[in-house]
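Remarks on the overall topology
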Amino acid sequence: MKGQDRKKVILLLRWTAIIVTSYLIFFSKGRVTDLHLIHLLIFGYIFSNLLLTFLPKTWFSNPKLFYSLVIFDTGLVSFGMYLSEMVTTDFYILFFLVIIFASLSRNFKLLMAIGGVTALLYGILLYSWGLLTSENGISYILRIPFIFIMTVFYGYIVQTFTRETQKQLAISEDKYQGLFENANDGIIILRNPQLQIVDVNREVERLTSYKKEELLQKGFSDLFGSEEDGKALGYFEEVMKQGEGRTDSLSLMRKGGVPLEVDLSAKRIDLGDESFFQLIFRDLTEQRRLEKKIRESKMNLQAIFDGIQDRLSIQTPDYKILRINKAVIQHHHTNYEELIGKKCYEAYYQKSLPCERCPVSVTIKTKKPASSILKISEGDTSLRTFSYPILDDKGDLRSVIEYVQDITEEQRLQKQLIQSEKLAGVGILASGVAHEINNPLAGIIGMAEIALEEETFKNKAYLKDIISCGQRIGEIVKGLGSYSRIAKKEEQSLVDMNEVLEDSLKMVRLAIKASAVEVVERFQPVEKIEANIGEIQHVFTHLITNAFQAMNSKGTLILSTRSLKDSAEVKVSDNGMGIPQKYISHIFDPFFTTRNPGEGTGLGLNIVYRIVTKYEGTIDVESEENMGTTFTIQFPKRREES
Amino acid sequence: MSKKILVVDDEEVIRKFLRIQLAKLGYEVKEAADGEQALEKLGKDDFDLLICDIMMPKKDGWEVIKEVKSNPKTRGIPVIVLTAKQEDPDMFKGYDLGASYYMTKPFTKDQLLYGLKLMFGGA
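All figures in this text were calculated on a predicted structure; none of them were measured in a lab.

Rules used throughout
- Residues numbered from 1 in each chain as written.
- Chains lettered and ligands numbered in written order.
- Predicted model: local features only at pLDDT ≥ 70, side-chain atom pairs only at ≥ 80, totals over all residues.
- Heavy atoms only, no water.
- 1 Å grid on protein atoms, 1.4 Å probe; cavity = no way out; pocket = protein on both sides within 12 Å on 5 of 7 lines; lining within 4 Å.
- Points joined across faces, edges and corners; volume = space filled by probe spheres on them.
- Helix = DSSP H or I, 4+ residues; strand = E, 2+ residues; numbered from the N terminus.
- Buried < 20%, exposed > 50% of the residue type's maximum accessible area, 1.4 Å probe, protein only.
- Pairing = 2+ DSSP bridges.
- Axes fitted to C-alpha atoms, helices over the stretch in contact; angles between N-to-C directions.
- Salt bridge = Lys/Arg side-chain N within 4 Å of Asp/Glu carboxyl O.
- Arc of directions from axis to C-beta.
- Contact = heavy atoms within 4.5 Å.
- Polar contact = N/O pair within 3.5 Å; in protein donor to acceptor, adjacent residues only side chain to side chain.
- Lys, Arg positive; Asp, Glu negative; His and termini not counted.

For the rest of this paragraph, the subject is empty space enclosed by the protein. All names here are of chain A. Per the stated rule, a full pass over the model turns up 2 cavities of 30 Å³ or more. Counted as a void, the largest cavity has a volume near 150 Å³. What lines the largest cavity is a set of 17 residues, among which Cys344, Tyr348, Tyr349, Glu402 and Val404 lie closest to the centre. Elements that contribute at least two residues to the lining of the largest cavity include exactly strand E7 (311-315), helix H13 (344-349) and strand E11 (397-406). Looking at the lining of the largest cavity, the element that brings in the most residues is H13, giving 4 residues.

Next comes the structure, spelled out in C-alpha cells:
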C-alpha cells in the first residue's frame, strides 16, 4: 500500500470513528456524565485527525506513528464509552473499527493484542456499568468472546494475506534482484540525503573495478575524480531539485585512477519511509571511440577536400552552395558562412542567373558529368570547370560537385609553348638560310657604312637607318637560329662546367671591349654533366655577355661553381644596373625585352631557359636595381650507372 | 711599310667592303674568292693577316686555316674567321684550329676595327 493510500484510509477510518462515537454519545439512550469532558474528547479526536491531515504521507508508513495512533484511538473510544455510561447496545461496534484499523498494520501479534485489550476493556466497562448482572447480561457477556473471535478472524485474514504478499514479494524481489544484478548498465543506489552507497550491481563492479564491499564504504563524491568534484556536485544539486537528471559530461573514477566516461542518469526513489537515489550509467568509452572515429574521418574528408588546391564546392540542384573547400574561401576572400546556402552565381559572381555555359547547369539537366572552359572577365582568367552529379538511391540528383581549375597560367604557358614551337620551326628554317641571308646582309651593312663615310653623300641619317635595320635582321636571324639547335638532337658528352665557363668568358672577352670589368672566379670542382657542350657554352656566354652589358663594361663579375648534393651549381653574378622587379617574372619569356626595338630580340634568355630546362636544370634570378643581378643555374647530377 | 692582308670570301660585295675599309686604314689588301685561290696567294706572298670566310666553294675556310696553321711558313699569320655561321661550336672549332678572332656576318666596321686592334694592337 502506498503512503498516499494508507494516509487516506487511516484518515477516513478515523473520521468514521469520530462520527460514530459522537453519534453514539449524543443520540443514544445513554447518559452523559460530564459534558465538558465529552466535548473535550470529541474536539481532541477531531483535532488529532485534522493534525494528521497535514502530516506528510511518508510518516504514515512509519509503524511507530501507526501503533501510537491505534493505542490512542482505542483509549479514546474506551474513554468515550466510559463517559457515556448507560450506553448499552451499539458502542461495541466501535471496537471493530479499531480492530479493522489495527489490521491495517498487517501485524498479527499487534492485532491479537489489540483484540485482547479491546475485549478486556469492554468486559471492564460492562462490569463497571453493572450490565453483566442485568437481565440481558448473558447477551452482553457473549459480545466479549465475539469481539475476540472477530479479531482472530481478521488476524487470520491478515496473516494469510501477509504471507501471500510476502511470498509474492520474495518472488518479485528475486526477480528484481536478478534484473538489477544482471542489468547491462551500472546501477548504484544511494541513500538520501547522506548520498551513501547502499547497493550496486555487478556491472558497477565490472566497470569501476571496485568490489561491492569496497563501494559500500563510499559516498557519492568518491565516485568521481577530485577535479570533477565541483561538476559532480553541481549535477547532483540539480538532480535533488528536479528529482532526476541526466549528464554525459562526467567521468567516474575507476580503481587505479583511470577515468571512465559515462552517460549518467539519476532519479530519486521513495521506498516506504526511506528515500534513495538511483544512479544508472553506461560506459561511453566505445561510443566516444566511435564518435572520435567519425569525427576523425569527417576531419580527414575535410582535410582532403581542403587539400585540393583547386576550388571545390558541392551544390544543390538549385545551385545553393552546400559545402566548399578552403580554395574557394581563399579565392573569394570571404568566409565559410558568407557563401554557404547562397546560390553559387550570386555568391561567386554577383549575377542573378547561372553563368552561361556553366557545366553545373548541364549536370542538373542531364544528371551526367560535364565540363567547360569559362572565361571570366574579372582578371582575364580562364576557368576549367567540371561538374559531377551525386545521385541518391533512386537515381535522383541529390547534389552536384563543382570543380574549378584556374587555367589562366596554364593557358599562358601553352600559348608560349606553341609560340616557341613555332619559333623552333622558324629557327630550323632560319639557320638553313642564315648563311644566305647573312652574306648579303653583311654587304648591305658594309656598303652602307662605306657610303656613310663618303662626304658627298648628303642624307646620312638614311644610311644609319639602313645599317641599324640590317643589324636588326642579323640579330633576328641569329636568335632564331639558336632555336633550331635546341630543337635538334645533338650529341652529348660529359661537360666540365668550370672548363666551359672559362672558355665562355674568354670568348665574351674577345667579343666585348670590357677591359674595366674585374672578373672573380670562384671555381670548385664540380661533377661533369652529360650535355651538349655547345648549348652549355651558349648559356654561359649569354649570361656573361648580359652581365658585361649590365655593368656597362665597368664592375665586378663573379663566376662561381660548386657541387651540391644532387646538382652542380653555377652562379653568374654582376654588380650592374639590375633588373626592375616588375620585369623579373617575364625575363625568360620569348620576345620579352626592355631594350628598344632593334637593340634586342628578346630571345636570348628564353633560349638559355630552354637549354637549362632541357637538361632538367633550374635557373633562378635574383636582382636588385642598381645593385646587380645573379643568375643561379643548377644542373642535376648524372645518375650513377653502376 | 704597310701591313698586307689577304681577304678570302666568295662574296664579291664583302670583299669589296673589306677592301675599301682596310685600304682606308692604310693596309695593303689582296683578295681571294675561294679556298684554293687563297692558298695559292698565301704561297706566293707574305701576309700579316688572313681574313677568311668559312663557307666557300672548292675549299672551305676550315681547310684553309688548317693548311695555313700546318705550314711552318704561314703558321705565324694570325687568322680572323669571318663567317655567316654563328653557332658557338663553329666558333670553338675556329679557335681550336688556331684562329685568333671570330667575326660573324653581318658585321660592322667597329667589329672589324676591334678585331684589327686585337691582332695588331693599336690601329
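Let us now look at unusual backbone geometry. Most peptide bonds adopt trans geometry, and most residues besides glycine take a negative phi value. A cis amide bond, omega -5°, links B:Lys105 with the succeeding residue B:Pro106. Positionally, B:Pro106 belongs in the loop between strand E5 (101-104) and helix H5 (109-120). Here the phi dihedral of A:Tyr319 falls at roughly 70°; this positive angle occurs in a residue that is not glycine. Topologically, A:Tyr319 is positioned in the loop between E7 and strand E8 (321-324). Of the residues examined, A:Tyr319 reaches a relative accessible area of 14% and is grouped as buried. If you check the backbone angles, A:Glu616 has positive phi at about 60° while not being a glycine. With respect to the helices, strands and loops of the structure, A:Glu616 is situated in the loop between helix H20 (604-614) and strand E17 (618-624).

Residues and elements named next belong to chain A. Taken in spatial order, the 5 strands of this open sheet run E8-E7-E11-E10-E9, and their pairing is antiparallel. Looking at which strands have only one partner, the edges of the open sheet turn out to be E8 and strand E9 (370-376). Ignoring strand direction, the axes of neighbouring strands in this sheet form an average angle of 25°. Two elements, E9 and strand E10 (residues 381-391), share 7 bridges in a ladder whose sense is antiparallel. Across the sheet, residue leucine 374 finds its bridge partner in E10, namely leucine 383.

Once that is clear, we can look at the pattern of salt bridges. All names here are of chain A. Counted under the stated rule, the structure contains 31 salt bridges over all chains. Note that aspartate 263 is salt-bridged to arginine 246, the shortest N-O span being 2.4 Å. You can see aspartate 263 sitting in strand E5 (residues 259-271) and its partner arginine 246 sitting in strand E3 (residues 244-247), a full 17 residues away along the chain. By relative accessible area, aspartate 263 is classed as buried at 16%. Relative accessible area serves as the criterion here: at 64%, arginine 246 is assigned to the exposed category. With a closest N to O distance of 4.0 Å, aspartate 318 and lysine 320 form a salt bridge. According to the relative accessible area criterion, lysine 320 is partly exposed, its value standing at 34%. One connected set of salt bridges, linked through shared partners, spans Glu181, Asp199, Arg202 and Lys212.

Below, the discussion takes up helix H2 (residues 35-44) of chain B. Residues and elements named next belong to chain B. Listed as buried for H2 are Gly35, Ala38, Leu39 and Leu42. Down the axis of H2, the smallest arc covering the buried residues is 95°, so these residues share one side. Against strand E1 (4-8), strand E2 (28-32), strand E3 (49-53) and helix H3 (61-70) lie the buried residues of H2. The backbone nitrogen of glutamate 36 has a side-chain oxygen 2.9 Å away, supplied by the residue at the start of H2, namely aspartate 34.

Residue and element names in this part refer to chain A. Within strand E18 (residues 628-636), 7 of the 9 residues are buried, leaving the element largely enclosed by the surrounding structure. Note: strand E16 (residues 567-574) against E18, 8 bridges, orientation antiparallel. Considered in E18, the bridge of glutamate 569 is made with glutamine 634. Of the pairings in the sheet, the one linking E17 to E18 comprises 7 bridges and is antiparallel in character. Along E18, the bridge assignment pairs serine 623 with threonine 629. Here E17 folds back onto E18 in antiparallel fashion, the turn holding 3 residues, of which asparagine 626 has a positive phi close to 65°.

Moving on, we come to the side chain of A:Asp310. Residue and element names in this part refer to chain A. Structurally, aspartate 310 can be placed in the loop between helix H10 (285-307) and E7. For the buried residue aspartate 310, which engages in no salt bridge, the nearest side chain bearing the opposite charge is arginine 311, 7.2 Å off. Every residue in contact with aspartate 310, bar those within four places of it in the chain, is listed here: Asn325, Ala327, Tyr403, Val404, Gln405 and Asp406.

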